[in-house]
Amino acid sequence: MFTTLISTADLAARLGAADLVVVDVRHDLAQPDAWGEAQYRAGHVPGAVFAHLDRDLSGPKTGSNGRHPLPSPGACAAVFGRLGIGTQTQVVAYDQGSGAYASRLWWMLRWLGHDAAAVLDGGFDRWVRQGRPVSADAPVARPATFTARPVATPVDAEAVQAAIGHGSMLLVDARGGERFRGEVEPLDPVPGHIPGAVNRPFTQNLGADGTFKPAAALRAEFETLLGGEPPATVIHQCGSGVTACHNALAMEIAGLAGSRLYPGSWSEWCADPARPVVRGG
């Protein structure tokens, strides 16, 4: 069972297995409606099904709950079942390369008690560079029954607000440094970050070749970030609860289990002008 990462070689060796579902979640925040599906139709890992970040892996937006609100467990179960994911299914998620979107599906599955979920290390870009097979055929998923068994409660804005200044949680922001500091903000109406948050851009989890750093290196980096605090105090956030999952995955790879996610993240936080905002380092 693969529970964090799977290499391109290991996935290639398992293609066609009856208990395997490969999910293509390629996405572009600048072209959210059709880019990922267009890429999928042009070519994908053989047998892969497609899941859309907005339509399949996010819930309804209200204007105050962020850009990619977390769906209900029941809604997730319906989507996963439609994709062919059942109780005994090994799921492999991939995106164009970094795992920024694939890690969202990984986190959602783990949240609902499905441990057999892994991200393809290096994504589709690495798969293609290595000359592995690509198909334009869109398979018809065999519907399955997915039973949602939530194993943790995601953190909400109220819990974050209550913890500010008390040191009861370590809020880790996965956005790039310039967005964290409020120097630029291409996606949300307000620049800056949540008071008390520390910055760990998700890209720091990757090596020069686009794959995740070794577990020991990730562990050393996160232990420095934690400063002696236990992993259970960590709350991951980003712009909308997507790339934050990349940091959650990196901590799991590092053997630092127990961190949690604030799915609403900055896009939800800044939607309420009464919530405090910090700009600068």
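Whatever comes next refers back to the structure up there.
Since the structure is predicted, the reported quantities are computational estimates derived from the model, not experimental observations. (Residues numbered from 1 in each chain as written. Predicted model: local features only at pLDDT ≥ 70, side-chain atom pairs only at ≥ 80, totals over all residues. Heavy atoms only, no water.)

## Considering the nonpolar core
So, point 1. Residues Val23 and Phe80 are the most contacted members of the largest nonpolar core, which totals 51 residues.
So, point 2. Leaving out residues up to four positions away in the same chain, Val23 has contacts with Val49, Ala51, Leu83, Val91, Val92, Ala93, Tyr94 and Leu105. (Core = buried A, V, L, I, M, F, W, Y, C linked by side-chain atoms within 4.5 Å. Buried < 20%, exposed > 50% of the residue type's maximum accessible area, 1.4 Å probe, protein only. Contact = heavy atoms within 4.5 Å.)

## Here we look at the environment of Val25
So, point 1. Mapped onto the fold, Val25 is located in the loop between strand S2 (20–24) and helix H2 (35–42).
So, point 2. Judged by its relative accessible area of 2%, Val25 falls in the buried class.
So, point 3. Between the C-alpha atoms of Val25 and Asp95, which are 70 residues apart in sequence, the distance is 5.1 Å.
So, point 4. Among all residues touching Val25, those that are not within four sequence positions of it are Ala51, Leu57, Tyr94, Asp95, Tyr101, Ala102 and Leu105. (Helix = DSSP H or I, 4+ residues; strand = E, 2+ residues; numbered from the N terminus.)

## Some details on the sheet that holds strand S3 (residues 49–50)
So, point 1. The strand order across the open sheet formed by five strands is S1-S5-S4-S2-S3, and the pairing between neighbours is parallel. The strands lining the two open edges of the sheet, one partner per strand, are strand S1 (5–6) and S3.
So, point 2. Across two bridges, the pairing between S2 and S3 is parallel. Paired with Val23 across the bridge in S3 is Val49. (Pairing = 2+ DSSP bridges.)

## What to know about the environment of Thr243
So, point 1. Structurally, Thr243 is set in the loop between strand S8 (234–237) and helix H9 (244–253).
So, point 2. Considered as a pair, Thr243 and Ser103 are 140 residues apart in the sequence and their alpha carbons are 7.4 Å apart.
So, point 3. When near neighbours in sequence (up to four residues on either side) are disregarded, Thr243 contacts Ala100, Ala174, Phe202 and Cys238.

## Quick look at the packing of helix H8 (residues 215–226) against H9
Relative orientation and spacing of two packed helices are given, respectively, by the angle between their axes and the distance between those axes.
So, point 1. Between H8 and H9, whose axes approach to 8 Å, the crossing angle comes to 115°. Accordingly, the angle class assigned to the pair H8 and H9 is roughly perpendicular. Where H8 crosses over H9, the two elements pack in a sense that is left-handed. Mapping the contact onto sequence places Ala215, Leu218, Phe222 and Leu226 in H8 and Asn247, Ala250, Met251 and Ile253 in H9.
So, point 2. Looking at the contact of H8 with H9 residue by residue, the class counts come to seven nonpolar, one polar and no charged. (Axes fitted to C-alpha atoms, helices over the stretch in contact; angles between N-to-C directions. Parallel < 35°, antiparallel > 145°, perpendicular 65-115°, else oblique. Left-handed = near helix turned anticlockwise from the far one by under 90°. Nonpolar A, V, L, I, M, F, W, Y, C, P; charged D, E, K, R; others polar.)

## Details of the pattern of salt bridges
So, point 1. What the rule picks out here adds up to 16 salt bridges.
So, point 2. The partner of Arg200 in a salt bridge is Glu221, with the nearest N and O atoms 2.8 Å apart. One end of the pair, Arg200, is in the loop between strand S7 (198–199) and H8; the other, Glu221, is in helix H8, and 21 residues separate them in sequence. (Salt bridge = Lys/Arg side-chain N within 4 Å of Asp/Glu carboxyl O.)

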